[in-house]
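Descriptive analysis of the structure
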Amino acid sequence: MFRRDFLKGTALLPALSLGIPDADNRLTITDIRIHEVKVNQRGNWHFVELVTNKGLTGLGEASHGFSAAAKDGVSQLRAELKDLFQLVKGESPFAVEQYRQRGFQKAFERGKIAVTAFSAIEHALWDLKGKALGVPVYELLGGKLRDELKVYANINRATNQRDANGRRLVSAFQANAENALKSGFKALKLAPFDDMKPLKTSDEKQIASDIDYAVGCIEAVRKTIGPDIDLLIDVHSHLNEELAISTAKRLERARLYWFEEPVDPQKFPTETRAITDATAQPSAGGESIFGRQGFAELIATRALDVIMPDVKHCGGIQELRFIAALAETAGNIAIAPHNPSGPVSTAASVQVCASIPNFSILEYAYGEVPWRAELLSPIERFENGHIRVPDAPGLGHVLNADLIRKYGV
C-alpha cells in the first residue's frame, strides 16, 4: 500500500478509535481540589485532584514543599496550586507538555513551594491522561521494564522519642528497624546525624560527641538487623568535606548501601565529588534539586554514585524521566527517587521507576500512620521487600474519600 492510500484509509477511522476525543466530546479540566491529611509533627500530606467535565479525576501530591515549622506554608502552597491551576483550567489533560512549557520556569523562579505545586499538578495530568486512555502511566512512558520495585523503609520520620539531651533514642531506631523487617522490608534508612548541633556554633568536643552518637546509633542498628539487610544512611548535609570523609571511613565496617548527602550536593558539587572519590561506600543525593539543569553538573562530573530526584520537587513525572535519561547517558548512573512522602507520591514514582533502565531502589516512608495504605484504593501492595507495579489506568489508584474526610485538616 502506498503512503497516500494508507493515510486516506486512516482518515476514515473515528477519532475515538485512536483514543483521541473528538471536538464535541473533548475532555477538559474544570476544577482543582486540595486535600491536607494530618500525619505528625514532621509535616502533613497534601494531595491534589484535578476534576474534569467528564467526571474523571487525576491525583497528584504536593507534600513537604515547606518546613513543618513554617507559619504560612499551607497558605502559600494553596496559593501556588490555585495560580498554576489557571494554566490547565479549560485545557485537555493530554496537554502535559504545554503545561510544562507554561509553568516550568515560573515555578523555578518562585522557589520550592511553587516547584512542589507545579509537580503535583503535573502528576495529576498524567493520571488523567492514563485514565482517559485506559492505560497505566508507564505505558505512556514507553512501557514497563519490571513488575515490582525494590523499596527501602525510611524509619527516620517515625522515630521521635528523645533522651534528656534531645537526641533520639538509639533503642527507638532499633525498634522501628525491627518492625520494618517484620513488615517484610529488606532495606531501611535512618538519619541519626539530624540531632547534631550546627557546625558553625559547635566546638570540637561537641562535634565529636555528636558524630560519635550517630556512628554508635548506626552500628547498633546494623547489629540489630544483621549483615544481610541493606542499610542506608542520610546525613542531611550536617557535615563538611573533611568530617564527611573521616566519618564515612569509620562507617565502612557497617557496610552501608549508601552514605547520603553529607554536604548539600547542589551548593557544594566539588566537595561532593571529593567525598565520593575519597570513600569506598556509594554516595547518593539530590533530593531537593529541580530540573535537569540542577542535576547537570553532578551528573556530568559523576559527583554522586546514585542520584535521588524527588517526583514532587524535581518537576514531576516527565522531568524525573528526563533526569534519569541524562544520568543513563552519562554512564548509567543509578536513579533512586527520594520519596519520604504520602502514597500518591509513591504511586507517581512507581510509574516512572517501572519504565527506566537505571532504577536502583525506591524510598518508602515507614511507620508514620497505621492507615496510610488505606488512603488509596486499591491499597499499596508490598511483597518481600518490593512494591508491585499496578496495571490499573493512570497512577493505578483513587483516593479513599472516607479516610480523606476522617483525617483531613
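Please refer to the structure placed before this passage.
Below: a short report on this structure. Going along each chain's sequence as written, the residues are numbered from 1 onward. For a predicted model such as this one, the threshold for reporting local features is a pLDDT of at least 70, and the threshold for listing and counting side-chain atom pairs is 80 or more; totals across whole chains, interfaces and linings nevertheless cover every residue. Values reported for side chains reflect all heavy atoms of the structure, with hydrogen atoms and water molecules removed beforehand.

Quick look at helix α8 (residues 241-250)
The classification of residues rests on relative accessible area computed with a 1.4 Å probe and restricted to protein chains. Under 20% of the type maximum is buried, over 50% is exposed, and intermediate values are partly exposed. Here a helix means four or more residues in a row that DSSP labels H or I, a strand means two or more in a row labelled E, and each is numbered from the N terminus. Of the residues making up α8, those classed as buried are Leu243, Ala244, Ile245, Thr247 and Ala248. Contacts were defined at the residue level, with two residues in contact if any of their heavy atoms lie within 4.5 Å. Tucked inside the fold, the buried residues of α8 contact α7 (204-225), β7 (258-260) and α9 (269-278). Whenever two N or O atoms come within 3.5 Å, that pair is a polar contact, provided that in protein one can donate a hydrogen and the other can accept it, and provided that, for residues adjacent in sequence, both atoms are side-chain atoms. Taking the backbone nitrogen of Glu242 as reference, a side-chain oxygen 3.3 Å away marks Asn240 as the first, capping residue of α8.

Quick look at the side chain of Glu319
Position of Glu319 among the secondary structure elements: in helix α11 (residues 317-329). There is a polar contact of 3.2 Å between the side chain of Glu319 and the side chain of Arg100. Excluding its chain neighbours within four sequence positions, the residues that come into contact with Glu319 are Arg100, Phe104, Gly291, Arg292, Gln293 and Cys314.

As for the packing of α8 against α9
Only the stretch in contact is used when a helix axis is fitted, and all axes are lines through C-alpha atoms; the angle between N-to-C directions ranges over 0 to 180 degrees. It is at 10 Å that the axes of α8 and α9 come closest, and there the two elements cross at 25°. One finds that α8 runs roughly parallel with respect to α9. Handedness of the α8/α9 crossing: right-handed. Between α8, through Glu241, Ala244, Ile245 and Lys249, and α9, the contact on the second element is made entirely by Glu271, Ala274, Ile275 and Ala278. Gly is put with the polar residues, along with every residue not named as nonpolar or charged; the nonpolar set is Ala, Val, Leu, Ile, Met, Phe, Trp, Tyr, Cys and Pro, and the charged set is Asp, Glu, Lys and Arg. Here the contact of α8 with α9 is built from residues that sort into five nonpolar, no polar and three charged. Note that the term roughly parallel is reserved for angles under 35 degrees, roughly antiparallel for angles over 145, roughly perpendicular for angles of 65 to 115, and oblique for everything else. Crossing handedness: left-handed means the near helix sits turned counterclockwise from the far one by under a right angle, and right-handed means the same turn made clockwise.

Considerations on the pairing of strand β5 (residues 187-190)
Burial of the side chains of β5 extends over both faces: Ala187 and Lys189 are buried on one face and Leu188 and Leu190 on the other. DSSP bridges decide pairing: two strands pair if at least two such bridges lie between them. Sheet topology places β5 next to strand β6 (residues 230-234); four bridges connect them, and they run parallel. Within β6, the residue paired with Leu188 across the bridge is Leu231. Handedness of the crossover joining β5 and β6 through α7: right-handed. Look down the strands so they point away from you; if going from the first strand over the helix to the second traces a clockwise path, that crossover is right-handed.

Regarding the packing of helix α10 (residues 291-300) against α11
With their axes 10 Å apart at the nearest point, α10 and α11 run at an angle of 20° to one another. Between α10 and α11, the angle is such that the two are roughly parallel. Here the hand of the crossing between α10 and α11 comes out right-handed. Every residue of α11 that contacts α10 at Gly291, Arg292, Gln293, Phe295, Ala296 and Ile299 is listed here: Glu319, Phe322, Ile323, Leu326 and Ala327. Residue classes in the contact of α10 with α11 are distributed as seven nonpolar, two polar and two charged.

Some words on the state of the cysteines
Disulfide: a pair of cysteine sulfur atoms within 2.5 Å of each other. Throughout the structure, instances matching the rule amount to zero disulfides. With no disulfide partner, Cys353 has as its closest neighbouring cysteine sulfur the one in Cys314, 11 Å distant. The buried category is assigned to Cys353, whose relative accessible area is 0%.

Remarks on the pattern of salt bridges
The rule for a salt bridge is simple: a side-chain nitrogen of Lys or Arg has to be within 4 Å of a carboxyl oxygen of Asp or Glu. If you walk through the whole model with that rule in mind, you get 28 salt bridges. Measuring nitrogen to oxygen at the nearest pair gives 3.2 Å for the salt bridge that ties Glu363 to Lys189. Here Glu363, found in strand β11 (residues 362-365), pairs with Lys189, found in strand β5; they are 174 residues apart in sequence, far enough to count as distant. Here the two residues Glu363 and Lys189 agree in accessibility, since each one is buried. Between Arg253 and Glu219 there is a salt bridge, and its shortest N-O distance comes to 2.6 Å. Of the two residues, Arg253 is situated in the loop between α8 and β7 and Glu219 in helix α7; the sequence distance between them amounts to 34 residues. The class for Glu219 is partly exposed, based on a relative accessible area of 28%. A single salt-bridge network, built from bridges that share partners, covers Glu80, Asp83, Lys106 and Arg110.

Some thoughts on the sheet that holds strand β2 (residues 43-52)
Overall, antiparallel pairing links the three strands, which are arranged β1-β2-β3 in an open sheet. The sheet is open, and its two edges are formed by β1 (29-40) and β3 (57-61), each paired on a single side. Strand-to-strand twist across the sheet, computed as the mean angle between neighbouring axes with direction ignored, equals 20°. Strand direction decides the pairing type here: β1 and β2, joined by nine bridges, are antiparallel. Each bridged residue has a counterpart across the sheet, and for Asn40 the counterpart in β2 is Gly43. Contacting β1 and β2, helix α2 (residues 73-85) crosses the sheet at an angle of about 160° to β1. Across the sheet, helix α12 (residues 343-353) is in contact with β2 and β3; its angle to β3 comes to roughly 100°.

Topic: the packing of aromatic side chains
Under the pairing criterion, centres of Phe, Tyr and Trp rings, with the six-membered ring standing for Trp, must be within 6.5 Å; the plane angle then separates stacked pairs below 30 degrees from edge-to-face pairs above 60, leaving the rest tilted. Scanning the entire structure with this criterion turns up 13 aromatic pairs. Considering the side-chain rings of Trp45 and Trp371, the 6.4 Å spacing of their centres and the 80° angle between planes classify their relative orientation as edge-to-face. With Trp45 in strand β2 and Trp371 in the loop between β11 and β12 (376-377), this pair connects stretches of sequence that are 326 residues apart. Given the relative accessible area of 1%, Trp45 is considered buried. Aromatic pair Tyr99 and Phe118: ring centres 4.8 Å apart, planes at 15°, arrangement stacked. One end of the pair, Tyr99, is in helix α3 (residues 96-110); the other, Phe118, is in helix α4 (residues 112-133), with 19 residues separating them in the sequence. Tyr99 sits in the buried class, given a relative accessible area of 1%.

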